[in-house]
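Coordinate inspection notes
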Amino acid sequence: RADSLEGCLDCLLQALAQNNTETSEKIQKSGVLQVFASLLTPQSSCTAKVANIIAEVARNEFMRNPCVDAGLIPPLVQLLNCKDQEVLLQTGRALGNICYDSHTLQSQLINMGVIPTLVKLLGIHCQNAALTEMCLVAFGNLAELESSKEQFAYTNIAEELVKLFKKQIEHDKKEMIFEVLAPLAENDVIKLQLVEAGLVECLLEIVQKTVDSDKEDDIAELKTASDLMVLLLLGDESMQKLFEGGKGSVFQRVLSWIPSNSHQLQLAGALAIANFARNDGNCIHMVDNGIVQKLMDLLDRHVEDGNVTVQHAALSALRNLAIPVVNKAKMLSAGVAEAVLKFLRSEMPPVQFKLLGTLRMLIDAQAEAAEQLGKNVKLVERLVEWCEAKDHAGVMGESNRLLSALIRHSKSKDVIRTIVQSGGIKHLVTMATSEHVIMQNEALVALALIAALELVTAEKDLENAQLVQILHRLLSDDRSAPEIKYNSMVLICALIGSEPLQKEVQSMAFLEVISKLRGHENKTVAQQASLTEQRLAVES
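What you see is a predicted model; the values in this text were computed from it and never measured.

Quick word on the overall build of the protein
Helix and strand counts for the protein stand at 37 helices and zero strands. Against the globule reference of 24 Å for 540 residues, the protein gives a C-alpha radius of gyration of 33 Å, more extended than a compact globule. On the principal axes, the C-alpha backbone points of the protein span a range of 110 × 55 × 40 Å. Expressed as a percentage of its 540 residues, the buried residues of the protein come to 54%. By sequence separation, contacts in the protein at least 24 residues apart represent 71% of the contacts at least 6 residues apart.

Topic: the packing of helix α9 (residues 114-124) against helix α11 (residues 146-153)
Direction vectors running N to C along α9 and α11 enclose 50°, while the axes themselves pass 9 Å from each other. The orientation of α9 relative to α11 falls into the category oblique. Read as a crossing pair, α9 and α11 show a hand that is right-handed. Each of Ile115, Pro116 and Val119 in α9 lies in contact with α11, whose residues at this interface are Ser148, Gln151 and Phe152. For the contact of α9 with α11, a count of residues per class yields four nonpolar, two polar and no charged.

Thoughts on the packing of aromatic side chains
The final tally for this structure, using the stated rule, is five aromatic pairs. Judged by centre distance (4.8 Å) and plane angle (65°), the ring pair of Phe243 and Phe251 falls under edge-to-face. By relative accessible area, Phe251 is classed as buried at 4%.

Considering the pattern of salt bridges
A complete count under the given rule lists 27 salt bridges for this structure. Of the charged contacts in the structure, one is a salt bridge between Glu56 and Arg59, with a shortest N-O distance of 2.7 Å. With a relative accessible area of 14%, Glu56 lands in the buried category. Residue Glu499 is joined to Lys503 by a salt bridge in which the shortest nitrogen-to-oxygen separation is 3.7 Å. Residue Glu499 and its partner Lys503 are located together in helix α35 (residues 499-507), separated by four residues, close to a single helical turn. Its relative accessible area of 57% is what places Glu499 among the exposed residues. Overlapping salt bridges, with partners in common, bring together Glu56, Arg59 and Arg93 in one network.

Here's the deal with the UniProt feature "repeat: ARM" (unreviewed entry) in the protein
Here the UniProt-annotated "repeat: ARM" (unreviewed entry) positions come out as residues 71-98 and 290-322. The distance separating the terminal C-alpha atoms of residues 71-98 is 12 Å; by composition the span is 75% helix and 0% strand. The span residues 290-322 is 73% helix and 0% strand, and its two end C-alpha atoms sit 14 Å from each other.

Topic: the state of the cysteines
The tally for this structure, following the rule as stated, stands at zero disulfides. Among the cysteines around Cys46, which has no disulfide bond, Cys8 carries the closest sulfur, lying 9.7 Å off.

Description of the packing of helix α19 (residues 263-276) against helix α22 (residues 308-321)
α22 packs onto α19 with a crossing angle of 20° between their chain directions and a minimal axis gap of 8 Å. Relative to α22, the element α19 is oriented roughly parallel. The hand of the α19/α22 crossing is left-handed. For the pair formed by α19 and α22, the contact residues are His263, Gln266, Leu267, Ala270, Leu271, Ile273 and Ala274 on the first element and Thr309, Val310, Ala313, Ala314, Ser316, Ala317, Asn320 and Leu321 on the second. A breakdown of the residues in the contact of α19 with α22 according to their chemical character gives ten nonpolar, five polar and no charged.

Description of helix α27 (residues 377-386)
Leu379, Val380, Arg382, Leu383, Val384 and Trp386 are the residues of α27 that are buried. Check the buried side of α27 and you find it contacts α24 (336-341), α25 (349-363), α26 (367-374), α28 (393-410), α29 (413-421) and α30 (425-431). With a side-chain oxygen positioned 3.1 Å from the backbone nitrogen of Lys378, the residue opening α27 is Asn376.

Digging into the side chain of Ser488
Topologically, Ser488 is positioned in helix α34 (residues 482-495). Residue Ser488 is classed as buried on the basis of its relative accessible area, which comes to 0%. Among the polar contacts listed, one links the side chain of Ser488 to the backbone oxygen of Ile484, at a separation of 2.7 Å. Those residues in contact with Ser488, other than ones at most four positions away along the chain, are Leu444, Leu471, Leu474 and Leu475.

Describing helix α36 (residues 510-517)
Those residues of α36 that sit buried are Phe510, Val513, Ile514 and Leu517. Considered in projection along α36, the buried side chains sweep an arc of 90° and stay on one side of the axis. What points out from α36, more than 90 degrees from its buried face, is the exposed set Glu512 and Lys516. Its buried side turned inward, α36 meets α33 (467-476), α34, α35 and α37 (523-539).

Calculation rules
Residues numbered from 1 in each chain as written. Predicted model: local features only at pLDDT ≥ 70, side-chain atom pairs only at ≥ 80, totals over all residues. Heavy atoms only, no water. Helix = DSSP H or I, 4+ residues; strand = E, 2+ residues; numbered from the N terminus. Rg over C-alpha atoms; globule rule 2.2 N^0.38 Å. Buried < 20%, exposed > 50% of the residue type's maximum accessible area, 1.4 Å probe, protein only. Contact = heavy atoms within 4.5 Å. Axes fitted to C-alpha atoms, helices over the stretch in contact; angles between N-to-C directions. Parallel < 35°, antiparallel > 145°, perpendicular 65-115°, else oblique. Left-handed = near helix turned anticlockwise from the far one by under 90°. Nonpolar A, V, L, I, M, F, W, Y, C, P; charged D, E, K, R; others polar. Phe/Tyr/Trp six-rings, centres within 6.5 Å; stacked < 30°, edge-to-face > 60°. Salt bridge = Lys/Arg side-chain N within 4 Å of Asp/Glu carboxyl O. UniProt positions renumbered as here; feature names shortened; annotations may be inferred. Disulfide = S-S within 2.5 Å. Polar contact = N/O pair within 3.5 Å; in protein donor to acceptor, adjacent residues only side chain to side chain. Arc of directions from axis to C-beta.

This is the structure in structure tokens:
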């Protein structure tokens, strides 16, 4: 019986080789799939052929559900524990083809525990190229599912993949392993495991070998290796481990990428610095060790028709480095503001966004720098223009925040006059109605400074922007945060120094709204309400 069965299976395989679709349809109609489930046993000599037929049949999309309905998945999963390499190979192919492109079926495989089994197979059969490839294809498909990553993290996949990677010479094989590493490295636990397994050293070696080559494969490998390097630095633990207090050889090597002639390496180097610059200690160390000049030199190479991704990455790094208070003055005196302003002409929203963020970080509590930038007419005019960039909410928000920051940190009459002359007042008034409390607050504080320092200059614009009506709305709205109510009342007190604005305040029955706030649960708001009420009573 075994011989005749074997003969039948050989005929099916031959028929499938000649016309897969037609033969598959016949197999489906004949009901033979249900018989296959009982033939998939480790003891049977025909198991590899049966699994091979299933793998061939399941190359057709219309055959995948019938394979599932015939109950083929559980016996196939069981076969992954057997020792026969041919059976393992055909079983892996069959499962891969049945579950191809189906997240539901792939999740089912994960729940049935195939991940630890496959990782073990990769370790045992690493000499068998076909089996290794089968495991890698499976990992590549499964790694895209979030649920798989937790399971992978409990295996020694990192170690196995790095071991395998070190042995590869052919580009295609390396590429296959990269395709598994990239999705896995999105998980922070696995990032650390990959660093500990020595992946970084492999990546640095690839960069060194391919950096000066113009062969297509080498260029692709350089990109993949340096991108993966940056990805590993996104995890807090893996990043800190590689920084090693700024003494780490990896950190030093990445620094050397920045002055390189390869755009890809410049990009990866700048992104890596931005990732290292995720805590104050690292930022302070890097600024003290001259990283700022390297980034400014890099930006200089990309001013005229430069590479947008490199500009964006270098600006991101500078922005992060400018966060610690002690770095701001050092970076300003190194000329970072001037270097960044060279990109004011950029028409690229991502570059505009980072440029604005960097300047805002730099002037935080730096009065002199804020005054200097706030009197720069070109800058202020560009900010006012970007405040209207409706298609780019990020650029619009950052422009508004920088306008407000220039006033708040400089407290300078000249800056306020420049902003009034450039038409910036209406944007600050609109910003007071933002959905973000932090932005509302920044706007109200800036407007209060304008009213205190340059009310006459700004009077007409404040009136046209309907500021008084907006403040009435903010104070009447129960949803307004306490600090918004407080700063709105401070602003009202300043505005009544202007005759037209005072008339508006009187005509809008503010006293009624404010007397209600005297009983506000927040003490500071209640006190300010009493003071404001007294001021309004005196003025009227």
